[in-house]
Amino acid sequence: MATIRSAGERGDGIEVLLSDASPYGSRTLVVERDETSSVAYLCGPKGEVHGAVWLANHVPAPETTDLDRLNSELPPVAVRVNTRHPDGRRPLGTLRSLWFEEGDGVALYENDELLAVIPGWADVSRGMPGYSRDAVGESPFAWSLEDAMEALAPRLAKARSYWEWRGSEGSWATFQQFVMGHLDRAVGTAGRFWDAGGGRLPTVGITERPPEGDREHTILSTVGMSCQRMPTVEQYIDRPEAYARVELAVATRGDAREAARLFLWLAQYPWHSVTWLGHGHTAKWYHRPETFPLGSAYNGVIMLAGPSGLPDLSGFTFGGDAVRWLWLVPLTDDELRLSAANGYRALLPRLPADRTTRAG
């Protein structure tokens with residue numbers, strides 16, 4: 001995978017026109033140009049390129065691909081048949097970005113006109129570079145933006161609406177109130193509340209529901225994960241609207257403050273690592289086994305939607321999407337290996353019936 005370097009390091013006349021990190025810090029949009037052409041890159045935290053799309057030629061287009069230019073890691077040049085401006089066009093004007101709600105894709109505007117889109121599913125190695133306004137047809141450097149607008153326009157409208165709402169006064173407090181009210185009705189009286197966001201987006205809190213009535217265990221839930229869709233879900237699921245918004249929950253008979261450390265570990269993970277969490281997914285504890293929050297006998301968790309013996313938390317929606325609560329159930333090392341080798345369905349019949357509430 002290629003890596004973007006700064007213009008100063010390259011020493012080849014490349015000018016960086018824009019460098020803008022996503023709200024979650026997991027991706028950066030970098031726009032570069034030289035006297036010949038301009039290109040946009042979607043980069044990871046270490047500069048690795050996840051998507052790249054040609055934006056414009058500033059000189060007459062060649063008839064065939066300039067391989068020497070590509071091998072020199074210079075911005076690519078579109079051939080005549082693949083550009084709307086075969087004689088070249090002026091340098092780019094004022095640029096700004098609009099990030100997808102998930103943070104894995106971005107739209108680029110020139111003078112407030114849509115110039116390009118690099119979606120989360122862009123992958124140059126698989127022939128999907130991204131969409132460009134000046135592109136004609138499909139090439140290794142860009143696909144036509146005009147041809148894709150029917151599908152992209154609603155996505156961009158939602159992104160714009162989401163960030164306008166998210167930046168408005170009281171948006172987080174209102175969302176938090178809605179989630180807490182839902183949990184009050186589904187689980188019972190709230191106890192303590194902790195911050196799990198650490199000042200970074202996404203904003204996430206942890207709500208505690210102490211033992212109540214016949215329930216002898218404490219229930220903890222995240223508050224805030226469902227405020228934004230998880231990245232990459234649409235690449236794996238036919239109906240992403242049913243799976244893209246989640247909250248995490250855990251039941252414990254132990255110290256609630258210890259169990260809450262699971263959320264410090266996982267609550268922001270999808271957006272910072274550009275991935276998603278779903279039913280049957282497992283995660284191995286990142287530290288020494290003896291530090292695992294639900295007891296040293298375990299070394300990870302499986303995430304389950306609606307396991308028996310726990311409250312039904314369904315019924316909450318946001319942004320037109322249903323929110324799923326995934327319960328964290330502790331696993332031993334052997335159980336983690338079994339799930340990795342044979343899938344979570346092979347593991348579930350072997351889990352003790354009371355595992356969901358016994359740990360801690």
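Just above sits the structure.
This section reports on the structure supplied with the text.

What counts and what doesn't
Residues numbered from 1 in each chain as written. Predicted model: local features only at pLDDT ≥ 70, side-chain atom pairs only at ≥ 80, totals over all residues. Heavy atoms only, no water. Helix = DSSP H or I, 4+ residues; strand = E, 2+ residues; numbered from the N terminus. Buried < 20%, exposed > 50% of the residue type's maximum accessible area, 1.4 Å probe, protein only. Contact = heavy atoms within 4.5 Å. Lys, Arg positive; Asp, Glu negative; His and termini not counted. Charge placed at Lys NZ, Arg CZ, Asp CG, Glu CD. Expected span 1.5 Å × (residues − 1). Bend = angle between axes of the 7 residues up to and from the residue. Polar contact = N/O pair within 3.5 Å; in protein donor to acceptor, adjacent residues only side chain to side chain. Salt bridge = Lys/Arg side-chain N within 4 Å of Asp/Glu carboxyl O. Pairing = 2+ DSSP bridges. Phe/Tyr/Trp six-rings, centres within 6.5 Å; stacked < 30°, edge-to-face > 60°. Core = buried A, V, L, I, M, F, W, Y, C linked by side-chain atoms within 4.5 Å.

Observations regarding the overall build of the protein chain
In terms of helices and strands, the protein chain carries 10 helices and 17 strands. By principal-axis analysis of the C-alpha atoms, the protein chain measures approximately 75 × 45 × 35 Å. Within the protein chain, the fraction of its 360 residues that count as buried is 53%. A fraction of 57% describes how many contacts in the protein chain between residues 6 or more apart in sequence connect residues 24 or more apart. Distance between charge centres in the protein chain, computed from 36 positive and 46 negative side chains, equals 5 Å.

So, helix H3 (residues 145-166)
End to end, H3 covers just 27 Å across 22 residues, shorter than the expected 32 Å (1.5 Å per residue, more than 12% under). Bending of H3 peaks at approximately 60° at the position of alanine 151, with proline proline 154 no more than four residues after it. Where H3 is buried, its residues touch strand E5 (95-99), strand E6 (106-110), strand E7 (113-118), strand E8 (131-132), strand E9 (143-144) and helix H4 (171-186). One side-chain oxygen of the residue at the start of H3 lies 3.4 Å from the amide nitrogen of glutamate 146, identifying that residue as serine 144.

Here we look at the pattern of salt bridges
Per the stated rule, a full pass over the model turns up 27 salt bridges. Linking glutamate 113 and arginine 133 is a salt bridge whose minimum nitrogen-to-oxygen distance equals 3.4 Å. Placement of the pair is glutamate 113 in strand E7 and arginine 133 in the loop between E8 and E9, with a sequence separation of 20 residues. Linked by salt bridges that have partners in common, Arg89, Glu110, Glu113, Arg133 and Asp134 make up one network.

Focus on the pairing of strand E17 (residues 321-331)
Within E17, 9 of the 11 residues are buried, which leaves the element mostly enclosed by the surrounding structure. As judged from the 5 bridges shared by strand E13 (residues 245-252) and E17, these two strands associate in the parallel manner. Following the sheet pairing, leucine 248 is matched in E17 by leucine 326. Of the pairings in the sheet, the one linking strand E15 (residues 300-305) to E17 comprises 6 bridges and is antiparallel in character. The residue of E17 that forms the bridge with valine 301 is proline 330.

Notes on the packing of aromatic side chains
Applying the stated criterion to the full structure yields 15 aromatic pairs. Between tyrosine 24 and tryptophan 271 the ring centres are 6.5 Å apart and the planes differ by 45°, which places this aromatic pair in the tilted class. Taken together, the positions of tyrosine 24 in the loop between strand E1 (15-21) and strand E2 (28-33) and tryptophan 271 in helix H7 (residues 269-273) put the pair 247 residues apart, joining distant regions of the chain. With respect to burial, tyrosine 24 and tryptophan 271 carry one shared label: buried. Summarising the aromatic geometry, the rings of tyrosine 131 and tryptophan 143 are spaced 6.2 Å apart at their centres and angled 75° between planes, so their arrangement reads as edge-to-face.

A look at the nonpolar core
In terms of nonpolar packing, the biggest core is built from 88 residues, with Leu29, Val31, Leu55, Leu108, Val117, Leu262 and Leu328 touching the most fellow members. The greatest single-element share of this core, amounting to 7 residues, is contributed by H3. What leucine 262 contacts, discounting residues up to four positions off in sequence, is Val250, Trp285, Phe292, Pro293, Leu294, Val301 and Leu328. In this structure, Val329, Leu336, Leu338 and Leu351 belong to the second largest nonpolar core, which totals 9 residues.

Section: the pairing of E2
When you tally the buried positions in E2, you get 6 out of 6 residues, the bulk of the element. Both faces of E2 are covered, namely the face carrying Thr28, Val30 and Glu32 and the face carrying Leu29, Val31 and Arg33. By the bridge criterion, 6 bridges tie E1 to E2 in an arrangement that is antiparallel. Paired with alanine 21 across the strands is threonine 28, a residue of E2. The loop that links E2 with its antiparallel partner strand E3 (residues 37-43) comprises 3 residues.

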